Structure formats: C-alpha cells, structure tokens
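Architecture and fold: a report
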Protein chains: 2
Amino acid sequence: MADPNLAATKPVIVLVQTQMAVNIGMCARAMLNCGLDELRLVAPRDGWPNEGAIAPATDAKRVLEGARVYDTVAEAVADCHQVYAATARIRHLNTPAVTAAEAAAEMHVVTAKNADHRAAILFGPEASGLDNDAMSYADRLLHYPMNPEFTSLNLAQAVLLFSWEWWSTRAGATVSYERDWELAPKSELEYYLNRLEAELDQRGFFADQSKRSNGMQKIRAFFGRSNASSQEVKSLQGIISSLTSEFRK
Amino acid sequence: MADPNLAATKPVIVLVQTQMAVNIGMCARAMLNCGLDELRLVAPRDGWPNEGAIAPATDAKRVLEGARVYDTVAEAVADCHQVYAATARIRHLNTPAVTAAEAAAEMHVVTAKNADHRAAILFGPEASGLDNDAMSYADRLLHYPMNPEFTSLNLAQAVLLFSWEWWSTRAGATVSYERDWELAPKSELEYYLNRLEAELDQRGFFADQSKRSNGMQKIRAFFGRSNASSQEVKSLQGIISSLTSEFRK
C-alpha cells in the first residue's frame, strides 16, 4: 500500500562519525519503519559499505544501499535548507533548541509550502555525541526531554524517536482505528436481552419486581458498550441455551 | 532532579516469552529513559536472572533487578486494572485498538482520577508476537501505525515508542525550550547597526541614498531575528573593527 504523503520531501538522516556498523543498520530499520529512506554517513569509523550493518537492518537493506558517504558535515548538508543537530549536551553555541515533535511539525509546515525544501538531522558518534564544530552547522538543536535521571539514549533509539514524530505527525497520518468489526444491529442485542430477562425472571432473579427495570438497564448498558458483532450475539444466545439446558446424561 | 510527576502510578511493562536476554536489557534502558521502571517477565525463554541482559541495559540495571517473573500472563496482570496488548497482527478477537499516543493519554486521565489504577502493556516474543491467548487478556490492542511497507519494529523499539508517548504526554512534560541565553538589549544592537550603517555609507555602499533606509531595515531585520546576546553583539563590533582596520605590516 503506497502512502501518497510519502511523495513530499522527507528529512535526511545524517550519522556523523558513527562508531559501530550495527548501529547504522539499526538506524536504517528505524528510519524505514517511519517512512524515511535517505541516509547519509559522515566519516563512519569502520568504513563503508560495512557488512556489520546488514543483519540489524533486516528488510531495510535498501536504505543502506542508498546511503551516501561524506568526509565532512558541510558536504553532507550542502543541498539542505535547514539543519537540526540531535544532542543532549549543554550548549556552547547560541542555537535555539526544539523538541523532536516541534522539529517534525516545523518540517511538515515548511514542506507543505515548498516541496523542494530539505531538512537534515545530524546524529553524533555513540560515545561522545556531536562536537561543537558539527553543531555549528545546525540552525536548531534537537532536544529529547528524557527522564532527567537517565537521559542516555542509544543512537538508533534517538533516530527512531525523531522519525516517529515525523511519521506520526505527517499529513494524513493514521491517528486511530477504534474498531474494525461489523456491529450487530441493536435489535439482535435487544432480542437477546429480552430472552435473558425472561429466563432470569423465571428463576426469580428479580426478587423485587420494582427493581427489575433498573436491573435490566444496567445489564443492557453493560452489553451495549461491548459493541457486539452478530456472531458474538449468537454466542451469547448459545450461552443462555447451554446454561438453561439439562445436564447431559 | 526528581520529577514530581513520577510519583503518580506508572504503567507496567510486561514482556511475554521474550527470546533474547539482550532485548530485555534494551527494553529496560528504553523504559528508564522515559521514567518507567516496573518490568514483569512472563516465562522468558532463557530464564531469569540472565547475565545477557545487563550490558545492554547500561545504567538501567536497577530496572532489571526489580523485574518480577511469572508463569502466565494472567498472573502477571492480576493486580492491574487495564491491560493493553502491543501487536501488529490481524486480530481474531474483537478488541478495540488504540495508538500508543491514545493509550498513553487514556492512562494519564485514569491515573489523575485514581492513583491506584494500574495499567499493563503486554509485548510478545520477538519472532511471533503475542498469541491469541495472551491477547485475550487485553482490554485494548496497542497499535503502532508504522510505514505500511515496513512495519517490523524490534521489541525494544516498540517498548520505547509506547514509553516515549507516555513520558512526553504526562502532566508537566517539558514541551520546549526555545532559547536559554540572555538577549542583548536592543539598544546594543542598534548601536552596532548605526555604526555599521555609517561604515557602509562612508564606503559608498548605498549608491542610491533613497534606498538607504530600506536597505538598513532589511539588515536590521536580519540581525534582529538572530536574538543576539550581548557577547555576540560585542563580537559583531569586533568584526567591524577588524574589517575596517589596515592590514598589519
């Protein structure tokens, strides 16, 4: 199923001086989960292409195959219009910080106006994160407000959280499907409830007849909010039949 | 820095029949990143405790140490009031599906009313996901509307996305900090701009004096939106001084 929204310009993920190829593979997988497929690598420590990235990418191998490699951040973002730097560090530069959700929202607004506008997000090496030189290329810092007692996010998870915010806030994003089965017409449920009431009444369930109506209202509300299908109403009927039958000899 | 919101009841992450201990460790890390720390394990394949989970958990080791192990899903959720099952599968049960964001929002609403209310989220084994029996314990299915062309999410990333939605939508969540440096008073910037204008004018920058005002307005707008600090204005002054000085002999 092709998503028409994917035709719009997508942000580019730029991994700067990544140390472990396995993490590049996991980033590719996280990207493609969220509809992103353009990966750029700045001076990956162990070279490129790298066999170690393939297995963790699972079916996102095509993201790896399309990855381009650059020597410097400047070259990697040369054709981009806006650059974000993902960082948890104290800043030494006066660059405004936004959350991943805010960055994603900004990209969608800009892309809606100009489909040629490209945004890039820089992610630094696993151990140290982006250095000040790399961050100086960014218009915005991308900040993840994690648990202040434990902010250490691994590389693929940082890529995933941004990608997820971008994906889930794009135009036409699926926000919910509450139910995808066919509801029984209320008449079927009512037929069942009437039978239930009769069976209960025959067995003296409603000791005080003045409370019979109120009791059935509660029972009706309970079954009603279950949004039963016709098949489920049939099952409920079968349960009454079974419960009211004689023991088999 | 303690977060007062963490005092409220937090959802419990339940990993069902997890195959690889490394994934349990990565889940613990993702949980603690987002302020969650109660982990329950139903019949982990390789037993528990398991050394293989410790390194990938990094500093979230205490989540592993507090994990409780159960034989069945029923026992693992016995003290919980609402159960969600994370799944990408076609459903065979008529259980309503919600997104991770919707589930998180629902939990916050319920917890605000009753701090004793506990929610649990079930995550299935890596290869196959939750089976129908496990899913039958859920009131809601937790659905991740990923890229329809590539929906395969790894276990720790599924745990992270739910945890992130819960964390980033809790009461008092940090949504943004746009800027955390002190702005220079506009008078400092204006002093700089006046000097710049004079220096430019002396060098014939404004060929047509009728356009001088308009040209300076554009320059002012450019420097103004940069939200300069006093230190940065000093640097700008220094740049003019340098540019207008003689070459050093």
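Each remark here, short or long, concerns the structure printed above.
Described below are features of the structure shown in this document.

1. Some points on the side chain of B:N23
All names here are of chain B. Along the chain, N23 turns up in helix 1 (residues 21-33). Judged by relative accessible area, N23 falls into the buried class, the value being 13%. Beyond its immediate chain neighbours, meaning those up to four positions away, N23 contacts T18, E126 and L155.

2. Points about the interface of chain A and chain B
Interface size is commonly expressed as the accessible surface area that is lost when the partners come together. The partner chain B presents 51 residues to the 51 residues of chain A that form the contact. When the two sides are added together, the surface that chain A and chain B hide from each other amounts to roughly 4500 Å², 53% of it contributed by carbon and sulfur. The interface formed by chain A and chain B contains 0 salt bridges. One can count 14 residue pairs in polar contact (both at pLDDT 80 or more) joining chain A with chain B.

3. A closer look at unusual backbone geometry
Residue and element names in this part refer to chain A. Omega for the bond connecting W48 with P49 falls within 30 degrees of zero, at 0 degrees, which places this linkage in the cis form. Inspection of the secondary structure assignment puts P49 in the loop between strand 2 (39-42) and helix 2 (54-57). In the Ramachandran plot, T58 falls in the positive-phi region, its phi being about 45 degrees despite a non-glycine side chain. Tracing the backbone through its elements, the reader meets T58 in the loop between helix 2 and helix 3 (61-65). Judged by relative accessible area, T58 falls into the partly exposed class, the value being 33%.

4. What to know about helix 8 (residues 186-202) of chain A
Residue and element names in this part refer to chain A. Helix length check: helix 8, at 17 residues, gives a terminal C-alpha distance of 24 Å against a target of 24 Å (1.5 Å per residue), a fit within 8%. All buried positions along helix 8 are accounted for by L189, Y192, L193, L196, E197, E199 and L200. For helix 8, the arc enclosing every buried residue in end-on projection is 165 degrees, short of the 170-degree limit, so these residues lie on one face. Opposite the packed face of helix 8, turned more than 90 degrees from it, sit the exposed residues S187, Y191 and Q202. Next to the buried residues of helix 8 lie helix 9 (212-224) and helix 10 (230-243).

5. Observations regarding the state of the cysteines
Residues and elements named next belong to chain A. Inspection of the entire model under this criterion finds 0 disulfides over all chains. Of all cysteine sulfurs, the one in C34 lies closest to C27, which takes part in no disulfide; the gap is 12 Å. Assessed through its relative accessible area of 0%, C27 is described here as buried.

6. Section: the layout of surface pockets
Residues and elements named next belong to chain A. In this structure, the second largest pocket spans a volume of roughly 510 Å³. If you go around the second largest pocket, you meet 23 residues; those closest to its centre are A88, P125, E126, G129 and L153. Of the residues in the lining of the second largest pocket, the class split is 12 nonpolar, 8 polar and 3 charged.

7. Notes on the relation of the copies chain A and chain B
When chain A is fitted onto chain B, the two copies agree to an RMSD of 0.1 Å after a turn of 180 degrees and an axial shift of 0.1 Å. In symmetry terms, the pair is related by a two-fold rotation axis. The overlap is high: 100% of the interface residues of chain A also sit at the interface in chain B, so the same surface is used on both sides.

8. Overview of the nonpolar core
Grouped together as the largest cluster of nonpolar side chains are 90 residues, with contacts concentrated most on A:F123, A:Y144, B:F123, B:Y144 and B:F162. Ignoring sequence-local partners within four residues, the contact set of A:Y144 consists of A:A86, A:A100, A:F123, A:L153, A:A158, A:L161, A:F162 and B:W164.

9. Thoughts on helix 9 (residues 212-224) of chain B
Residues and elements named next belong to chain B. An ideal rise of 1.5 Å per residue puts 18 Å on 13 residues; helix 9 measures up with 18 Å between its terminal C-alpha atoms. Residues of helix 9 that are buried include every one of M216, I219, F223 and G224, and no others. Projected down its long axis, helix 9 shows its buried positions confined to an angular sector of 130 degrees, all on one face.

10. Observations concerning the sheet that holds strand 1 (residues 12-16) of chain B
Residue and element names in this part refer to chain B. Taken in spatial order, the 7 strands of this open sheet run 3-2-1-6-4-7-5, and their pairing is parallel. Taken across any chain shown, the strands that pair with only one partner, and hence form the sheet edges, are strand 3 (68-70) and strand 5 (97-99). Strand-to-strand twist across the sheet, computed as the mean angle between neighbouring axes with direction ignored, equals 30 degrees. Examined bridge by bridge, strand 5 and strand 7 (residues 140-143) share 3 bridges and lie parallel to one another. Residue pairing in the sheet places T99 in a bridge with H143 of strand 7. Sitting on the sheet, helix 5 (residues 100-113) is in contact with strand 4 (82-86), strand 5, strand 6 (119-123) and strand 7, with an inclination near 90 degrees to strand 5.

Cut-offs and rules
Residues numbered from 1 in each chain as written. Chains lettered and ligands numbered in written order. Predicted model: local features only at pLDDT ≥ 70, side-chain atom pairs only at ≥ 80, totals over all residues. Heavy atoms only, no water. Helix = DSSP H or I, 4+ residues; strand = E, 2+ residues; numbered from the N terminus. Buried < 20%, exposed > 50% of the residue type's maximum accessible area, 1.4 Å probe, protein only. Contact = heavy atoms within 4.5 Å. Buried area = accessible area lost by both parts, 1.4 Å probe. Salt bridge = Lys/Arg side-chain N within 4 Å of Asp/Glu carboxyl O. Polar contact = N/O pair within 3.5 Å; in protein donor to acceptor, adjacent residues only side chain to side chain. Expected span 1.5 Å × (residues − 1). Arc of directions from axis to C-beta. Disulfide = S-S within 2.5 Å. 1 Å grid on protein atoms, 1.4 Å probe; cavity = no way out; pocket = protein on both sides within 12 Å on 5 of 7 lines; lining within 4 Å. Points joined across faces, edges and corners; volume = space filled by probe spheres on them. Nonpolar A, V, L, I, M, F, W, Y, C, P; charged D, E, K, R; others polar. Least-squares fit on C-alpha atoms with pLDDT ≥ 70 in both. Core = buried A, V, L, I, M, F, W, Y, C linked by side-chain atoms within 4.5 Å. Pairing = 2+ DSSP bridges. Axes fitted to C-alpha atoms, helices over the stretch in contact; angles between N-to-C directions.

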